[in-house]
Amino acid sequence: MQSYSLSGDGVSCTVTLVPGSGFKLAYLGPAAGSDLQNNVLPAILPASPDHVPGPSLMAARGAGYAGTGLIDAVCQPSARRIILSPKGMTLVSEAELVLQAGDDSCGVEAETTLSLEGGVLKVRTIVRNAGSEAIDVHRCAAGVIPLPDWADDVVMTHGGWAREGHESRRSLGAGRVQRVGRLGRSGFDGSPALTVCERAAGTRSGRAMALHLAWSGSHSLSVERLPDGSGEICAEALYEPGEIRLAPKEQLETPEFIVVIGTHGFDELRARLHRLARRQSRDVFRPVHFNTWEARYFDLNEDALVALAKGAAALGAERFVLDDGWFVGRRNDTTSLGDWEPDPDIFPQGLAPLANRIRELDMSFGLWVEPEMVSRESRLYQQHPDWVLGYPDFDAPTGRNQLVLDLSNRNVQDHLFAQLSACLDAAPIEYLKWDCNREIYPATVDGVARATRHVLGVYSLMDRLQARYPQLEIESCASGGGRIDFGILPRVTRFWASDATDALDRLRIQRSLSTYIPMEMIGCHVGPAPNPITGRVFSVRFRALVAMFGHFGLELDPDKLSASDRTALSHAIAVHKRFRPWMHSGHVRTISNADSNLDITLIGSADGDHSLVRVLRTDMAPYSLHPKIAVPGLDRGASFAVSEVSFDGGADTDLGIASAEGLAWTGLAMDPVKPNQGRLFYLKRIMEHA
């Protein structure tokens, strides 16, 4: 049997080609445990095929295998089904392995590539048509891997607009659990991702495996326990009927399937995913944002915006982002999308005068855009109704009063590139808040499916802009958290987590999102009070503490704050800036506590010299006396100077020196006591024990 192993950053992966049974994943786990690899020889079971195919990395249905398999495709016009047979393996490097399979009768070639990067396994499949007939691909997984024997539970997220970040954990048992999105975006219910784990797994202990599909369109991730007790995990982009037809010499390349394993619970998975995300995105300075939306909505004029900017600058904001309403004819959400030119009635000389006045206040200038969308009441739609998904149905369903442009069309991409370039050339715009305010449906033109090519067109447009404007930063926003995934991540530096800025909702949303996205890439804004969505009122300090660990920003009107609230907010921004140099490359951990009404988060510097512990109370404690809170996970053998961070502009309160062991065992009195209050503690390493 042919066998190859990959290794790197403490993780090992071994694949064995078993004659008659395909490519077996003999091992995936910690490198130190690779001496006990799985027995990959198939076992003949009662009332089962005499030759057992079993789970394989390029499994094929139709030979007694009960799983989904890697690919479902047929030749046209013969209608002959594609059945892949293993051909061999090529070890490209110690971190990359290519599996080859094909169907000689149809001239189809397939490769599944496995690579290890930073202890993360990435899987991708390419299908080539080397024959003479067209190939209709109904589905093709990025990867199929066996379900570990220890996988008892599956963890997924769910939610809706302004309700993102809810978590469900369920017993896997028998049958299939599927995380699916069919509306053309990754969706409010979370990234194309799920986690499998053993029953005892928790924040800092237990075996677990995180699974992500790096794709921004329709998708499926499934976990299935098959009838014989084996299991498979499958990740794939969902293709519309008839969408993927490969002419001779054409090929299909799937998105990447990301697999992260850990033996020390969910925090270990989070740390590995954060390292991957930081490698794939750009490392940029992250200024404090001010966004105009909840301050002005569509009520814009240059003098009012400059007044907003002055108020924001006085609070400590460093970037001013002009949201919706700036372009020609845009007075509400029913018109003008697609006409990306400054409204001459609001900006008679364009955006440059405003942007320059913003820069005089020592703030950079950013702009909201929604390039993928068009309003029926727009010049663009009147000139090119055939550029819209759903064409020629002139009654195609809208969402937020808008239609979706066909980004698979190169002419549409060129037009949008020219319009956005004109905006970027005419004014000093350093940042685009790129919105996508509806799902992608109907994803057809003349009845022909375009969904997959549309997503690739979005990627292409972003890539072209980044190539022309290398310093341009892009934020991914999709009605809030509707498109947050590892497919779009290499093209953006920031994600807008949700249109909900309510502090309690944001705790849940940001905690959920930070399981795979680093906190500094998550837009965390202090919103107004009462909150425009929930009506709840929280103090400025509590709202600022909730936003503190992420990419800090403001989503309110400074003039509507009381003098005391303005002072409190400026102090909070100063605290964020004080710790920002190491926070934005740090690691974040959730600290468990028996009191479910306490939210405790630690963020530590990469070198372990600095840590912040944020303690937020969301409701009353069950007892009158408040127990000390332990802080586990600090470097053993180290001592720390502990202080409570001041939010009134004064000196921090010195709490003395504590050892890592003492903090983990005894803890500190850190409870805020009252609901909707919080405290922040700074731990600075001062020595190592002898």
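In short, a report on the structure. Note that this is a predicted model, so its numbers are computed, not measured.

1. Concerning the overall build of the protein
Working step 1: For the protein, the helix and strand inventory stands at 11 helices and 38 strands.
Working step 2: Taken over C-alpha atoms, the radius of gyration comes to 27 Å for the protein, in line with the 26 Å a tight globule of 690 residues would show.
Working step 3: Seen along its three principal axes, the alpha-carbon backbone of the protein occupies a region of about 80 × 75 × 40 Å.
Working step 4: Buried residues in the protein amount to 59% of all 690 residues.
Working step 5: Within the protein, counting contacts between residues at least 6 apart in sequence, those at least 24 apart form 68% of the total.
Working step 6: Surface summary for the protein: the accessible area is close to 26,500 Å², and the carbon and sulfur share equals 51%.
Working step 7: On the protein, the mean spot of the 69 positive side-chain charges and the mean spot of the 84 negative ones are 2 Å from each other.

2. As for the pairing of strand β9 (residues 134-140)
Working step 1: A large share of β9 lies buried, amounting to 6 of its 7 residues.
Working step 2: Alignment of strand β4 (residues 71-76) against β9, held across 6 bridges, turns out to be antiparallel. Within β9, the residue paired with Gln-76 across the bridge is Ala-134.
Working step 3: In terms of strand pairing, β9 meets strand β18 (residues 244-246) through 3 bridges, oriented antiparallel. By the bridge assignment, Asp-136 is partnered in β18 with Arg-245.

3. Concerning helix α3 (residues 302-315)
Residues separated by three or four positions in an α-helix point in the same direction, a consequence of the helix having 3.6 residues per turn.
Working step 1: The terminal C-alpha atoms of α3 lie 20 Å apart, and with 14 residues this matches the ideal 20 Å at 1.5 Å per residue to within 8%.
Working step 2: Within α3, burial applies to Glu-302, Ala-304, Leu-305, Val-306, Leu-308, Ala-309, Gly-311, Ala-312 and Leu-315.
Working step 3: Those residues of α3 that are buried lie in contact with β21 (289-291), α2 (293-296), β22 (319-322), α4 (352-360), β32 (551-554) and α10 (563-583).
Working step 4: Regarding α3, its N-cap is Asn-301, as a side-chain oxygen of that residue lies 3.2 Å from the backbone nitrogen of Asp-303 further along.

4. Considering the packing of α3 against α4
Working step 1: Two numbers describe how α3 lies on α4: the axes approach to 10 Å, and their chain directions differ by 20 degrees. The orientation of α3 relative to α4 falls into the category roughly parallel. Taken as a pair, α3 and α4 cross one another with a handedness that is right-handed. Every residue of α4 that contacts α3 at Glu-302, Asp-303, Leu-305, Val-306 and Ala-309 is listed here: Pro-353, Leu-354, Arg-357 and Ile-358.
Working step 2: Tallied by class, the residues present in the contact of α3 with α4 amount to 6 nonpolar, no polar and 3 charged.

5. Looking at the sheet that holds strand β36 (residues 638-644)
Sheet strands pair via backbone hydrogen bonds, and the direction of the pair is either parallel or antiparallel.
Working step 1: The strand order β33-β34-β35-β38-β36-β37 describes an open sheet built from 6 strands, whose pairing is antiparallel. Lying at the two open borders of the sheet, with one neighbouring strand each, are β33 (587-590) and β37 (653-659). Between one strand axis and the next, the sheet turns through 20 degrees on average, direction left out of account.
Working step 2: Relative to strand β38 (residues 677-688), strand β35 (residues 610-617) runs antiparallel, the two being bridged by 8 bridges. Paired with Arg-617 across the strands is Gln-677, a residue of β38.

6. Side note on the environment of Met-620
Working step 1: Mapping Met-620 onto the fold places it in the loop between β35 and β36.
Working step 2: Dropping the residues within four chain positions of it, Met-620 is found in contact with Asn-597 and Pro-675.

7. A closer look at a nonpolar patch on the surface
Working step 1: On the surface, Ile-657, Ile-686 and Met-687 cluster together into a nonpolar patch covering about 280 Å² of accessible area.
Working step 2: Relative to the assigned elements, Met-687 resides in strand β38.

8. So, the sheet that holds β18
Working step 1: Pairing within the open sheet is antiparallel, and its 3 strands lie in the order β4-β9-β18. With partners counted over all chains shown, the strands left at the sheet margins are β4 and β18, one partner each. The mean inter-strand angle of the sheet, taken between neighbouring strand axes irrespective of direction, is 25 degrees.

9. Considering the environment of Phe-320
Working step 1: The topology assignment puts Phe-320 in strand β22.
Working step 2: On the basis of relative accessibility, which here comes to 0%, the residue Phe-320 falls in the buried class.
Working step 3: Separated by 233 residues in sequence, Phe-320 and Gly-553 place their C-alpha atoms 9.8 Å apart.

10. Here's the deal with the packing of aromatic side chains
Working step 1: A complete count under the given rule lists 13 aromatic pairs for this structure.
Working step 2: Residues Trp-293 and Tyr-297 carry aromatic rings whose centres are separated by 5.0 Å and whose planes lie at 75 degrees to one another, so their mutual orientation is edge-to-face.
Working step 3: Relative to Phe-394, the ring of Tyr-391 lies with its centre 6.1 Å away and its plane at 80 degrees, an arrangement referred to as edge-to-face.
Working step 4: Among the residues examined, Tyr-391 registers a relative accessible area of 25% and is labelled partly exposed.
Working step 5: By way of ring pairs, the aromatic residues Trp-326, Phe-327, Trp-340 and Trp-368 are connected into one cluster.
Working step 6: Above the ring of Phe-417, the side-chain terminus of Arg-464 is found at 4.4 Å from the ring centroid.
Working step 7: Positioned above the aromatic ring of Tyr-459 is the side chain of Arg-491, whose terminal nitrogen or guanidinium carbon lies 4.0 Å from the ring centre.

11. Side note on the packing of helix α8 (residues 503-513) against helix α9 (residues 540-547)
Working step 1: Contact geometry of α8 with α9 gives a least axis separation of 10 Å together with a crossing angle of 10 degrees. One finds that α8 runs roughly parallel with respect to α9. In this structure, α8 contributes Ala-503, Leu-504, Arg-506, Leu-507 and Gln-510 to the contact, and α9 contributes Phe-542, Arg-543 and Val-546.
Working step 2: When grouped by side-chain class, the residues that make up the contact of α8 with α9 number 5 nonpolar, 1 polar and 2 charged.

12. Focus: the pattern of salt bridges
Working step 1: Per the counting criterion, the structure on display carries 50 salt bridges.
Working step 2: Here Arg-331 makes a salt bridge to Asp-345, at a shortest N to O gap of 4.0 Å. Separated by 14 residues along the polypeptide, Arg-331 in the loop between β22 and α4 and Asp-345 in the loop between β22 and α4 bring together distant segments of the chain.
Working step 3: If you follow the salt bridges from partner to partner, you end up with Glu-117, Lys-122, Arg-124, Glu-253, Glu-256 and Arg-279 in one network.

13. Re helix α7 (residues 451-468)
Working step 1: Here α7 contains 18 residues, and its C-alpha end-to-end distance of 26 Å stays within 8% of the 26 Å for a straight helix at 1.5 Å per residue.
Working step 2: Taken together, the buried positions of α7 are Ala-451, Thr-452, His-454, Val-455, Gly-457, Val-458, Tyr-459, Leu-461, Met-462, Leu-465 and Gln-466.
Working step 3: On the buried face of α7, the contacting elements are β18, β25 (403-404), α6 (410-426), β26 (431-434), β28 (448-449) and β29 (473-476).

14. A word on the pairing of β32
Working step 1: Neither face of β32 is left uncovered, since the one carrying His-551 and Gly-553 and the one carrying Phe-552 and Leu-554 both have all their residues buried.
Working step 2: As paired strands, β21 and β32 are joined by 2 bridges and run parallel to one another. Across the sheet, residue Phe-290 finds its bridge partner in β32, namely Leu-554.
Working step 3: The pairing of strand β31 (residues 522-526) with β32 spans 4 bridges and is classified as parallel. Bridge pairing in β32 places Val-526 opposite Leu-554.

Calculation notes
- Residues numbered from 1 in each chain as written.
- Predicted model: local features only at pLDDT ≥ 70, side-chain atom pairs only at ≥ 80, totals over all residues.
- Heavy atoms only, no water.
- Helix = DSSP H or I, 4+ residues; strand = E, 2+ residues; numbered from the N terminus.
- Rg over C-alpha atoms; globule rule 2.2 N^0.38 Å.
- Buried < 20%, exposed > 50% of the residue type's maximum accessible area, 1.4 Å probe, protein only.
- Contact = heavy atoms within 4.5 Å.
- Areas by Shrake-Rupley, 256 points an atom, 1.4 Å probe, with all protein chains shown as cover.
- Lys, Arg positive; Asp, Glu negative; His and termini not counted.
- Charge placed at Lys NZ, Arg CZ, Asp CG, Glu CD.
- Pairing = 2+ DSSP bridges.
- Expected span 1.5 Å × (residues − 1).
- Polar contact = N/O pair within 3.5 Å; in protein donor to acceptor, adjacent residues only side chain to side chain.
- Axes fitted to C-alpha atoms, helices over the stretch in contact; angles between N-to-C directions.
- Parallel < 35°, antiparallel > 145°, perpendicular 65-115°, else oblique.
- Left-handed = near helix turned anticlockwise from the far one by under 90°.
- Nonpolar A, V, L, I, M, F, W, Y, C, P; charged D, E, K, R; others polar.
- Patch = residues over 30% accessible without salt bridge, like charges linked within 9 Å, V, L, I, M, F, W, Y side chains within 5 Å.
- Salt bridge = Lys/Arg side-chain N within 4 Å of Asp/Glu carboxyl O.
- Phe/Tyr/Trp six-rings, centres within 6.5 Å; stacked < 30°, edge-to-face > 60°.
- Lys NZ or Arg CZ within 6 Å of the ring centre and 35° of its normal.

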